[in-house]
Amino acid sequence: NDSSTASPRGPLTTPARFALAATGNSNYGWFGGGYPAVATVDRINFSNDSSTASSRGPLSAARGYMGATSNTPIG
């Protein structure tokens, strides 16, 4: 839509972390890892108005300072 107001989402299931990886598509936003190193993966569902991320995963090991990408086609 053309709203200038952000729709609040979160909090993530593991608060107070940074250096995490994130990616998404038109349906979901995914957040994983972080520092201090955690193995948590969170998903935000864009199709509903839930303000809480759901836990998915975990990663195979606790990780921080990761990268992420998406293969969602443009156009």
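Everything discussed here concerns the structure shown above.
Residues numbered from 1 in each chain as written. Predicted model: local features only at pLDDT ≥ 70, side-chain atom pairs only at ≥ 80, totals over all residues. Heavy atoms only, no water.

Novice: Is there a simple way to explain the overall build of the chain in this structure?
Specialist: In terms of regular secondary structure, the chain is built from zero helices and four strands. When the helices and strands of the chain are listed from N to C terminus, the series reads β-β-β-β. Partitioning the contacts of the chain with sequence separation of at least 6, the portion at a separation of at least 24 is 43%. (Helix = DSSP H or I, 4+ residues; strand = E, 2+ residues; numbered from the N terminus. Contact = heavy atoms within 4.5 Å.)

Novice: For this particular structure, what's the right way to read the pairing of strand 2 (residues 28-32)?
Specialist: It is a general feature of regular strands that their side chains alternate between the two faces of the sheet. Looking at chain direction, strand 1 (residues 21-24) and strand 2 are connected through four bridges and run antiparallel. Bridge pairing links threonine 23 to tryptophan 30 in strand 2. Between strand 1 and strand 2, which pair antiparallel one after the other, the connecting turn spans three residues. Relative to strand 3 (residues 41-45), strand 2 is paired through five bridges, and the arrangement is antiparallel. What sits directly across from glycine 32, in strand 3, is valine 41. (Pairing = 2+ DSSP bridges.)

By themselves, these are just geometric observations and shouldn't be taken as functional.
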